[in-house]
Amino acid sequence: MSAGETPLTVIGNLTDDPELRFTPNGAPMVKFTVASTPRTYDKAANQWRDGTAMFLRCTAWRDLAEHVADSLTKGMRVIVSGRLRQHNWQTPEGDNRSMLGLEIDEIGPSLRFATAKVERVQRSAPAPSAAADAWNTGTPANGGWGSPAAASTGSEPKYSEEPPF
């Protein structure tokens, strides 16, 4: 995280299924909204009261985007951590608009009222010098951890966990 960025963690519920899209150069991204409603206990009425809901539009990129789309659905309670971003634009009528959004760094299901089974994704990072090529082309880097293992037989490439040295 860079200096001057605003980190934020939100706990809330997904208002709809995450929407997975791809940029023109093939980078996956997912958008979804988290609704967070504060609750306070009213001793006089002897009951809980809901406050005003906050709806926060969230965006995740690359592998995280695909994991979110594969794992989370409407109504799930999640814990989201990321960087607050302000988006500014102008309407066709010339009015200035802005909206706050959250660029996601981490997300997971809340286990307060649910259980989850976590599956680790089998992958490894390409060598640092080849990382840019792998991200830009969408293909594994030559050699090292980013190369498919020789024993790969499935439709998805398998990556070796052996270090390249």
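Residues numbered from 1 in each chain as written. Predicted model: local features only at pLDDT ≥ 70, side-chain atom pairs only at ≥ 80, totals over all residues. Heavy atoms only, no water.

1. Some thoughts on the overall build of the protein
- The helix and strand tally for the protein stands at two helices and eight strands.
- Contacts in the protein between residues at least 24 apart in sequence constitute 52% of all its contacts with a sequence separation of at least 6. (Helix = DSSP H or I, 4+ residues; strand = E, 2+ residues; numbered from the N terminus. Contact = heavy atoms within 4.5 Å.)

2. Overview of the pairing of strand β7 (residues 77-90)
- Inspection of the sheet shows strand β1 (residues 6-14) paired to β7 by eight bridges, in the antiparallel sense. Across the sheet, the residue bridging to glycine 12 is valine 78, located in β7. (Pairing = 2+ DSSP bridges.)

3. A closer look at the pattern of salt bridges
- Enumeration according to the criterion identifies seven salt bridges in this entry.
- For arginine 83, the salt bridge is made with glutamate 103, and the minimal N-O distance between the two is 3.4 Å. Remark: glutamate 103 occurs in strand β8 (residues 96-109) and arginine 83 occurs in strand β7; sequence separation between them is 20 residues.
- Using a relative accessible area of 15% as the deciding quantity, one classes arginine 83 as buried.
- Across the salt bridge formed by arginine 97 and aspartate 95, the nearest N and O atoms sit 4.0 Å from each other.
- Three or more residues joined by partner-sharing salt bridges are found here, namely Arg83, Arg85, Glu103 and Asp105. (Salt bridge = Lys/Arg side-chain N within 4 Å of Asp/Glu carboxyl O. Buried < 20%, exposed > 50% of the residue type's maximum accessible area, 1.4 Å probe, protein only.)

4. Looking at the confidence of the model for the protein
- For the protein, the average pLDDT comes to 80, and 73% of its residues sit at 70 or higher.
- When mean pLDDT is compared element by element in the protein, strand β3 (residues 28-36) scores highest at 95, while helix α2 (residues 131-137) scores lowest at 50. (pLDDT = per-residue confidence, 0-100.)

5. A few points about unusual backbone geometry
- A positive phi angle, near 60°, is found at asparagine 46, a position not held by glycine.
- The residue asparagine 46 is located in the loop between β4 (39-42) and β5 (47-50) in this model.
- Exposure remark for asparagine 46: the relative accessible area of 57% places this residue in the exposed category.
- At arginine 62, a position not held by glycine, the phi torsion is positive, near 55°.
- Of note, arginine 62 is situated in helix α1 (residues 62-71).

6. Quick look at the packing of aromatic side chains
- Here the structure, examined in full by the defined rule, presents one aromatic pair.
- A centroid spacing of 5.3 Å and a plane angle of 70° characterise the contact between tyrosine 41 and tryptophan 48, whose relative ring orientation is edge-to-face. (Phe/Tyr/Trp six-rings, centres within 6.5 Å; stacked < 30°, edge-to-face > 60°.)

7. Describing the side chain of serine 36
- Within the secondary structure, serine 36 sits in strand β3.
- By relative accessible area, serine 36 is classed as buried at 17%.
- One polar contact links the side chain of serine 36 to the main-chain carbonyl oxygen of isoleucine 11, over a distance of 2.9 Å.
- When sequence neighbours within four positions are dropped, the list of residues in contact with serine 36 reads Val10, Ile11, Gly12, Thr52, Ala53 and Met54. (Polar contact = N/O pair within 3.5 Å; in protein donor to acceptor, adjacent residues only side chain to side chain.)

8. Some points on the nonpolar core
- The biggest cluster of nonpolar side chains holds 15 residues, and the ones touching the most others in it are Phe32, Val34, Cys58, Val80, Leu102 and Ile104.
- Of all the elements in the fold, those that place two or more residues in this core are β1, β3, β6 (54-61), α1, β7 and β8.
- Those residues in contact with cysteine 58 that sit more than four places away from it in its chain are Val30, Lys31, Phe32, Val34, Val80, Leu102 and Ile104. (Core = buried A, V, L, I, M, F, W, Y, C linked by side-chain atoms within 4.5 Å.)

9. Structural notes on the environment of valine 121
- When you line up the elements, valine 121 lands in the loop between β8 and α2.
- Residue classification places valine 121 among the partly exposed positions, given a relative accessible area of 42%.
- For the pair valine 121 and histidine 67, spaced 54 residues apart in the sequence, the C-alpha separation amounts to 9.1 Å.

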